[in-house]
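Here are the chains, one letter per residue:
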Amino acid sequence: MKYKEICPHHENRRTDLQWCLLPRHLSTVDGLVGGELSDRQKCLVCAHCGDKTFAQIESAEKHYRDAHKTFPADSVWNQPLDVLYDDEEVAVINKPQGVPVQGGEGKCLQKSALIVPLAKKVVGKAFIKKPIIVHRLDAATGGLLVLAKSKDSEKHLKTSFSKHQCKKRYRAVVFGKVKNTSNKIVEPISGKPAETYYDVVRHTRCVHPRANGWITTLDLRPISGRKHQIRKHLKHIGHPIWGDQRYAHYVKNHRSMDDQDDLSDDEKVDYLHRTSVKDNAHARLCLWAMEISFPHPLTANPVHVSLSEEPKWIAELLEYQEALYYGSCHAQEDGRQDKRMIKFLGDAQSVQAYSERYIFIFAIILSCKW
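These numbers come from a predicted model, not from an experiment.

**Describing the overall build of the protein chain**
- When you go through the protein chain residue by residue, the secondary structure sums to five helices and 15 strands.
- Burial status across the protein chain gives 41% buried among its 370 residues.
- Contacts in the protein chain between residues at least 24 apart in sequence constitute 58% of all its contacts with a sequence separation of at least 6.
- Surface exposure of the protein chain reaches about 21,600 Å², of which carbon and sulfur atoms provide 52%.

**Let's talk about the nonpolar core**
- Formed by 60 residues in total, the largest nonpolar core has its most connected members in L109, V146, L234, W242 and F294.
- By residue number, the principal contributor to this core is strand β14 (residues 287-295), which donates six residues.
- Residue contacts for L234: discarding those within four places in its chain leaves A172, V174, I185, L218, L220, H239, P240 and I241.

**What to know about helix α3 (residues 229-236)**
- Within α3 the residues assigned to the buried category are Q229, I230, R231, H233 and L234.
- Each element contacted by the buried residues of α3 is listed here: β10 (167-175), β11 (182-186), β12 (195-205), β13 (214-222) and β14.
- A positive backbone phi angle near 85 degrees is found at G238, which sits one or two residues after α3.

**Description of the pattern of salt bridges**
- In the structure shown here, the tally under the stated rule is twelve salt bridges.
- Among the ionic pairs, R221 bridges to D199, the shortest N-O distance being 2.9 Å. Here D199 lies in strand β12 and R221 lies in strand β13, a separation of 22 residues in the sequence.
- With its nearest N and O atoms 2.9 Å apart, the salt bridge here joins D244 to R231. Residue D244 is found in the loop between α3 and α4 (265-274), and its partner R231 is found in helix α3; the two are separated by 13 residues along the sequence. The residues D244 and R231 share a single accessibility class, namely buried.
- Each of the salt bridges in this network shares a partner with another, and the network as a whole consists of R169, R171, R202, D219, E291 and E310.

**Things to note about the pairing of strand β15 (residues 302-306)**
- Only one face of β15 is buried, namely the one carrying V303 and V305, since none of P302, H304 and S306 on the opposite face is buried.
- Bridge analysis of β14 against β15 gives five bridges, and the strand direction is antiparallel. Note on β15: the bridge partner recorded for I292 is V305.
- Taking the residues between adjacent antiparallel strands as the criterion, β14 and β15 are bridged by six residues, where A300 takes a positive phi near 70 degrees.

**Some details on unusual backbone geometry**
- In this model, N212 sits at a positive phi of 55 degrees, which is unusual for a non-glycine residue.
- Among the structural elements, N212 can be located in the loop between β12 and β13.
- The exposure class of N212 is exposed, given its relative accessible area of 67%.
- Unusually for a residue other than glycine, A300 sits at a positive phi of about 70 degrees.

**Thoughts on the packing of aromatic side chains**
- Here the structure, examined in full by the defined rule, presents two aromatic pairs.
- Taking the centre distance of 5.2 Å and the plane angle of 85 degrees together, the rings of Y325 and Y326 count as edge-to-face.
- For Y325, a relative accessible area of 17% corresponds to the buried category.
- Take Y326: its relative accessible area is 41%, and that puts it in the partly exposed class.
- The ring centre of W214 lies 4.2 Å from the NZ or CZ of K177, which sits over that ring.
- Residue placement shows R210 over the ring face of F175; its charged tip is 5.4 Å from the ring centre.

**Some points on helix α2 (residues 151-162)**
- Its twelve residues place the ends of α2 17 Å apart at the C-alpha level, agreeing with the 16 Å of an ideal helix rising 1.5 Å per residue.
- Those residues of α2 that fall on the buried side of the exposure criterion are S153, E154, L157, S160 and F161. Buried positions in α2, seen along its axis, are confined to an arc of 130 degrees and lie on one side of it. Residues of α2 that are exposed and point over 90 degrees away from its buried face: K151, K155 and S162.
- After α2 finishes, the residue H164 shows a positive phi value of roughly 60 degrees.

**Looking at the environment of F175**
- With respect to the helices and strands, the residue F175 is situated in strand β10.
- With relative accessibility at 2%, the residue F175 sits in the buried group.

**A word on the pairing of β10**
- Of all the nine residues making up β10, eight are buried; the element is thus mostly covered by neighbouring parts of the structure.
- Here β10 runs beside β14; their pairing, made up of six bridges, is antiparallel. Residue R171 lies in a different strand from β14, and its bridge partner there is W288.
- Pairing geometry for β10 and β13, over six bridges, is antiparallel. Across the sheet, residue V173 finds its bridge partner in β13, namely T217.

Conventions used here
- Residues numbered from 1 in each chain as written.
- Predicted model: local features only at pLDDT ≥ 70, side-chain atom pairs only at ≥ 80, totals over all residues.
- Heavy atoms only, no water.
- Helix = DSSP H or I, 4+ residues; strand = E, 2+ residues; numbered from the N terminus.
- Buried < 20%, exposed > 50% of the residue type's maximum accessible area, 1.4 Å probe, protein only.
- Contact = heavy atoms within 4.5 Å.
- Areas by Shrake-Rupley, 256 points an atom, 1.4 Å probe, with all protein chains shown as cover.
- Core = buried A, V, L, I, M, F, W, Y, C linked by side-chain atoms within 4.5 Å.
- Salt bridge = Lys/Arg side-chain N within 4 Å of Asp/Glu carboxyl O.
- Pairing = 2+ DSSP bridges.
- Phe/Tyr/Trp six-rings, centres within 6.5 Å; stacked < 30°, edge-to-face > 60°.
- Lys NZ or Arg CZ within 6 Å of the ring centre and 35° of its normal.
- Expected span 1.5 Å × (residues − 1).
- Arc of directions from axis to C-beta.

Set out below in structure tokens:
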């Protein structure tokens, strides 16, 4: 973090910082409006955005870490969003996995500059500078996310979600072999009714001890929208989601994104996207929002958006787990063949020993007769 010195006699003066120290007799500094400052007013202003003032260096540093932290060029926070639908009132994006939607002390999608290019181009009465995310999607979950570009659209979309007029489909990989091809999970969450339908997409062989030889790919359609509904429902039926560090009760030797204590919350997102399924197969939550439909906030016409295929890393994970399974099967078969060969050789040696013994006894008997 760097600051810019303005007042050379200030007690906290530093020459390598990117913050403006506003002297009390100045109203503006380097184009940043500070206004007339009294003794009790804040004298630090952010030189990056110019719209935050602080009384203490510590508060200024926290603001910089949260709002203006720099990331590598290939960071998730520097990549443009994948936009699948966009008009003057609403947009649908493919949210990167690991990126929080809103809230929290660190960087999140709603506070970031990533969604600014999606702002409404025509300024009107209900104009907002930055689109507003209208529904929840866990940070660990990637996939389709709806944004409103005006206050009226936000109101209509949130009403549609609350009335269950929006339909969503998720793709998940779970532990074990789900037997029923299609079924419904009905289990209250926090005392409120919750319902989730699922269809089996495929079964894949797996060596993980919790998988009992199988993992299953599911398509899920939640009817209600309770917090962590899909994750809780799948745990309830005994098939938690692969990579779910909260509800799958992982053992300690499975490293998750949250276990990287030397990284900040923002840097953990990049760690997640740079880690292959071979390096850490359990780093990612295998849950993705694949499809969404909702009434348009302006015309009420149905809007339907879907992803043509699941993320590439999920396919790589399934392929890798299956290869591990059949590789271990071949190793076990080779081990069984080795054991059979050892047993055969041992039996042959025993036969040879018995033969030699009986020949010796027979020779003694013959010598006695003579």
